[in-house]
Amino acid sequence: MLDLGARRIEGRINRVATETVQTNARVVRNVKRREGHGLVVQNRKQEVTRELARHFAFDVSVGLRGKRKSLPFRYLYDSAGSKLFEQICLQPEYYPTRTEASILAKFSPMIAQLLNNRAISVIELGSGKSTKTKILLEQFKAMAKEVVYFPIDISDAILHETAVSLTTELGINVIAIPAEYSKGIKKANKIISKSRIFPRKLILFLGSSIGNFEPREAAAFLRMIRETMKEGDVLLIGFDLHKDRRMLDAAYNDKNGITARFNLNLLERINMELQGQFDIDKFAHIAFYNEKLRRIEMHLVSKEDQNIYIAYLDKFFHFERGETIHTENSYKYDMHQIKDIAKGSGLILKDRFMDEKKWFCLALFIQDDCYQKR
Ligand code: AVI
């Protein structure tokens, strides 16, 4: 049973969340009235899909042109790619997921204590199934903290599923935001300041996803997050650490071939969405640690000289034997780099939590007030 205070808070969250939903609904209703057609929502969806296909086509046409071919890593995550990534996380060689989970299990009481407010808004960027976050949320619950959880993800379906299960299992308030990172965090902030409840924020960016950004992009991303932070807010980021290259190479070349399927799925996606004619058997997955740049590089290598036609673009692309498409980087950090990136983004590294073998680090940042004054 909720006490009266909790009931009042619950009411307020529901009101604000409902208003947000109603705002969106209003937009749809107005469009419907203007166009007088029941299929408007679907048409808008088709419009969005067409727009995404145009962006994908553009990036493919630019990325496969010339000698140094590459594609943005975000295209690895269509629905098949996201499912394969979930499987990667379970492979014995892929240590980051279980190592991060073990750090959370060990240190979540300490992290929860650092946030000494009774009521907290937890915003998670790229929440996926929120499996690891559950460890923290359970800890907050055990310490009788009130939590509103804002998972942000581009996958609507996963968000819905997660919101339902967390609400029923943990009895916490969940406001799911289907959006990309920067739009999502701004939306969550708007809801938080509008409702004036749970103003203290914990922002999460787990899973070492920061490693997929180029260092310059990572710093810009942190600055964007910092701009949404107020005094007392905390940012927790998962960094995969630099380590023995054999272990890194193995993590991205699992014996079950799941990472290879994940990488090759990008060609299947081009075939499906842009009517490409890639023969998947004529390409192979390669991933290796680039010691100098301190990053795993993932590529697709052409096994022979070939010309590939992509109907959507009405173009042929030439591949020489051994030529690659660079599909992803995964940067590995050390503590100096973590401090540097924080400094350049107006953040202070307040605390860090690591496993005993120092494979992975959860870094906790607060905003640097001096940086704000500059
Ligand atoms: C999502 N990201 C942190 C993963 C990584 O380790 O860079 C993506 C991945 N690519 C291949 N394996 C895992």
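Residues numbered from 1 in each chain as written. Predicted model: local features only at pLDDT ≥ 70, side-chain atom pairs only at ≥ 80, totals over all residues. Heavy atoms only, no water.

Peer 1: Quick one: what's the story with the overall build of the protein chain, residue by residue and with numbers?
Peer 2: Broken down by element type, the protein chain carries 12 helices and 14 strands. The 374 residues of the protein chain split such that 48% are buried. For the protein chain, restricting intrachain contacts to residue pairs at least 6 apart in sequence, the fraction spanning at least 24 positions comes to 71%. About 19,600 Å² of surface is accessible on the protein chain, with carbon and sulfur atoms providing 53% of the total. (Helix = DSSP H or I, 4+ residues; strand = E, 2+ residues; numbered from the N terminus. Buried < 20%, exposed > 50% of the residue type's maximum accessible area, 1.4 Å probe, protein only. Contact = heavy atoms within 4.5 Å. Areas by Shrake-Rupley, 256 points an atom, 1.4 Å probe, with all protein chains shown as cover.)

Peer 1: Mind laying out the packing of aromatic side chains, listing which residues take part and the relevant values?
Peer 2: Under the counting rule described, the total for this entry stands at 20 aromatic pairs. For the ring pair phenylalanine 56 and tyrosine 75, a centre distance of 4.6 Å and an interplane angle of 40° mean the geometry is tilted. Taken as a pair, phenylalanine 56 in helix 2 (residues 40-63) and tyrosine 75 in the loop between strand 1 (69-70) and helix 3 (79-88) lie far apart in primary sequence, 19 residues in all. Accessibility expressed as a relative area gives 7% for tyrosine 75, which makes it buried. Seen from their ring centres, phenylalanine 283 and phenylalanine 319 are 5.3 Å apart, and the 90° between their planes marks the pair as edge-to-face. Placement of phenylalanine 283 in strand 8 (residues 283-290) and of phenylalanine 319 in strand 11 (residues 315-319) is noted, with a sequence separation of 36 residues between them. Of the residues examined, phenylalanine 283 reaches a relative accessible area of 2% and is grouped as buried. (Phe/Tyr/Trp six-rings, centres within 6.5 Å; stacked < 30°, edge-to-face > 60°.)

Peer 1: An account of the site of the ligand is requested, with residue identities and associated values reported.
Peer 2: Taken together, 14 residues surround the ligand, and among them Tyr94, Asn212, Tyr252, Glu328 and Ser330 come closest. Asparagine 212 is positioned such that a nitrogen or oxygen atom in its side chain is 2.9 Å from a nitrogen atom of the ligand. Within the side chain of glutamate 328, an N or O atom sits 2.7 Å from a nitrogen atom of the ligand. Relative to its unbound accessible surface of 340 Å², the ligand loses 97% to contact with the protein. Contributing elements (two or more residues each) for the shell around the ligand: helix 3, helix 10 (258-274) and strand 12 (324-331). Looking at side-chain class alone, the shell around the ligand contains seven nonpolar, six polar and one charged residues. (Near = heavy atom within 4 Å. Polar contact = N/O pair within 3.5 Å; in protein donor to acceptor, adjacent residues only side chain to side chain. Nonpolar A, V, L, I, M, F, W, Y, C, P; charged D, E, K, R; others polar.)

Peer 1: Quick rundown of the pattern of salt bridges? Include the residues and the values.
Peer 2: For the structure shown, the criterion picks out 18 salt bridges. Notably, a salt bridge pairs lysine 282 with glutamate 304, separated by 3.7 Å at the nearest N-O pair. You can see lysine 282 sitting in the loop between helix 10 and strand 8 and its partner glutamate 304 sitting in the loop between strand 9 (295-302) and strand 10 (306-310), a full 22 residues away along the chain. Residue class for lysine 282 comes out partly exposed when judged on its relative accessible area of 29%. Residues joined in a network through salt bridges with shared partners are Asp240, Lys243 and Lys332. (Salt bridge = Lys/Arg side-chain N within 4 Å of Asp/Glu carboxyl O.)

Peer 1: Just give me the short version of the packing of helix 4 (residues 95-114) against helix 5 (residues 133-142), but keep the residues and values in it.
Peer 2: Contact geometry for helix 4 and helix 5: axes closest at 9 Å, N-to-C directions at 30°. When the interaxial angle is binned, helix 4 and helix 5 end up roughly parallel. For the pair helix 4 and helix 5, the sense of crossing is right-handed. Across the interface between the two elements, Ala101, Leu104, Ala105, Ser108, Pro109, Ile111 and Ala112 of helix 4 pack against Ile135, Leu136, Gln139 and Phe140 of helix 5. (Axes fitted to C-alpha atoms, helices over the stretch in contact; angles between N-to-C directions. Parallel < 35°, antiparallel > 145°, perpendicular 65-115°, else oblique. Left-handed = near helix turned anticlockwise from the far one by under 90°.)

Peer 1: Outline helix 5, listing residues and values.
Peer 2: Taken as a whole, helix 5 has its buried residues at Thr133, Leu136, Leu137, Gln139 and Phe140. The arc enclosing the buried residues of helix 5, seen along the axis, measures out at 155°, which places them on a common side. Buried-residue contacts for helix 5 involve helix 4, strand 2 (119-125), strand 3 (146-153), helix 6 (156-170), strand 6 (201-205) and strand 7 (234-240). Immediately downstream of helix 5, the backbone of alanine 144 shows phi near 55°, a positive value. (Arc of directions from axis to C-beta.)

Peer 1: For the sheet that holds strand 8, give the residues involved together with the corresponding values.
Peer 2: Pairing in this open sheet of four strands is mixed, and the strands run 1-12-9-8 from one edge to the other. Here the strands that pair on one side only, and so sit at the sheet edges, are strand 1 and strand 8. Both strand 1 and strand 12 contribute to a ladder of two bridges, which runs parallel. Looking at strand 12, one finds that lysine 69 is bridged to isoleucine 325. (Pairing = 2+ DSSP bridges.)

Peer 1: Describe the pairing of strand 3, and please don't skip the residues or the numbers.
Peer 2: The buried fraction of strand 3 amounts to seven of the eight residues, a majority that puts the element mostly inside the structure. Tracing the backbone out of strand 2, into helix 5 and back to the parallel element strand 3 gives a crossover that is right-handed. Assessed by its sense of winding, the connection that carries the chain from strand 3 through helix 6 to strand 4 (residues 173-174) is right-handed. Summarising the sheet, strand 3 and strand 5 (residues 177-178) pair through two bridges and their orientation is parallel. Across the sheet, residue isoleucine 152 finds its bridge partner in strand 5, namely isoleucine 177. (Right-handed = clockwise from strand over helix to strand, strands pointing away.)

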